Amino acid sequence: QVQLVESGGGLVQAGGSLRLSCAASGRTFSNYCMGWFRQAPGKEREFVAGITWNGGNTYYADGVKGRFTISRDNAKNTVDLQMNSLKPEDTAVYYCAAGDNPFRLGVRTAQAIRSWDTWGQGTQVTVSS
């Protein structure tokens, strides 16, 4: 199983940018699809973005399309989430996730937590207004 560690969270003003990074260790990184989820206080964990094994396909939640970009570097075993034009409603703990094939039943199914196998510990992102 792969182990995941997130970094890059912090406090930023609305309209600003942050870049989150997730470092993977253990099993072969390129065998996994990778994703980012987030969980705001009092809310359920929700899908933010996903990327397939070789980075050929990316998927985004409607609320972050055009503002967030997911990318991966299989040589460095990392997956990043570039977040631009941040809004206060983006405030949440952001989690990195890995899955063998979460997209096998389609993007909608891949947005479910149960489609992913391994999770990081999370990193806090706070956007002030």
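Residues numbered from 1 in each chain as written. Predicted model: local features only at pLDDT ≥ 70, side-chain atom pairs only at ≥ 80, totals over all residues. Heavy atoms only, no water.

**Q** Hey, could you go over the state of the cysteines for me, with residue numbers and the actual values?
**A** According to the stated counting rule, one finds one disulfide in the structure shown. The residue that forms a disulfide with C22 is C96, at a sulfur-sulfur distance of 2.2 Å. For the disulfide bridge between C22 and C96, the dihedral angle about the S-S bond is near -80°, and by the sign convention the bridge is left-handed. Separated by 74 residues along the polypeptide, C22 in strand β3 (residues 18-25) and C96 in strand β9 (residues 92-99) bring together distant segments of the chain. By relative accessible area, C22 is classed as buried at 0%. (Disulfide = S-S within 2.5 Å. Helix = DSSP H or I, 4+ residues; strand = E, 2+ residues; numbered from the N terminus. Buried < 20%, exposed > 50% of the residue type's maximum accessible area, 1.4 Å probe, protein only.)

**Q** Describe the pattern of salt bridges, with residues and values.
**A** In total, this model carries five salt bridges according to the counting rule given. Ionic pairing is found between D90 and R38, a salt bridge with its closest N-O pair at 2.9 Å. Placement of the pair is D90 in the loop between β8 (78-83) and β9 and R38 in strand β4 (residues 33-39), with a sequence separation of 52 residues. Considered together, D90 and R38 belong to a single accessibility category, that of buried residues. Bridged by salt links that share partners, the residues R38, E46, R67 and D90 form one connected network. (Salt bridge = Lys/Arg side-chain N within 4 Å of Asp/Glu carboxyl O.)

**Q** Talk me through the sheet that holds β3; I want residue IDs and the actual numbers.
**A** Here four strands make up an open sheet; going across it, the order is β1-β3-β8-β7 and the pairing antiparallel. What marks the edges here is a single partner per strand, and that holds for β1 (3-7) and β7 (68-73). Looking at each pair of strands side by side, their axes are set apart by 15° on average, direction ignored. Sheet topology note: the β1/β3 ladder contains five bridges and is antiparallel. When the bridges of β3 are listed, L4 appears paired with A24. (Pairing = 2+ DSSP bridges. Axes fitted to C-alpha atoms, helices over the stretch in contact; angles between N-to-C directions.)

**Q** I'd like a rundown of the nonpolar core, residues and numbers included.
**A** With 36 residues, the main nonpolar core has M34, W36, V79, L81, M83 and Y94 as its most contacted residues. Residue assignment for this core shows that the elements contributing at least two residues are β3, β4, β5 (46-51), β7, β8, β9 and β11 (123-128). Here this core takes five residues from β9, the largest share from any one element. When near neighbours in sequence (up to four residues on either side) are disregarded, L81 contacts L18, R19, L20, W36, V48, A49, F68, T69, I70 and Y94. (Core = buried A, V, L, I, M, F, W, Y, C linked by side-chain atoms within 4.5 Å. Contact = heavy atoms within 4.5 Å.)

**Q** So what's going on with the packing of aromatic side chains? Which residues, and what values?
**A** In total, this model carries five aromatic pairs according to the counting rule given. Residues F37 and W116 carry aromatic rings whose centres are separated by 5.8 Å and whose planes lie at 80° to one another, so their mutual orientation is edge-to-face. One end of the pair, F37, is in strand β4; the other, W116, is in the loop between α1 (107-110) and β10 (118-119), with 79 residues separating them in the sequence. Considered together, F37 and W116 belong to a single accessibility category, that of buried residues. Both rings, one in F103 and one in W116, keep their centres 5.9 Å apart while their planes meet at 85°; by these two values the pair is edge-to-face. (Phe/Tyr/Trp six-rings, centres within 6.5 Å; stacked < 30°, edge-to-face > 60°.)

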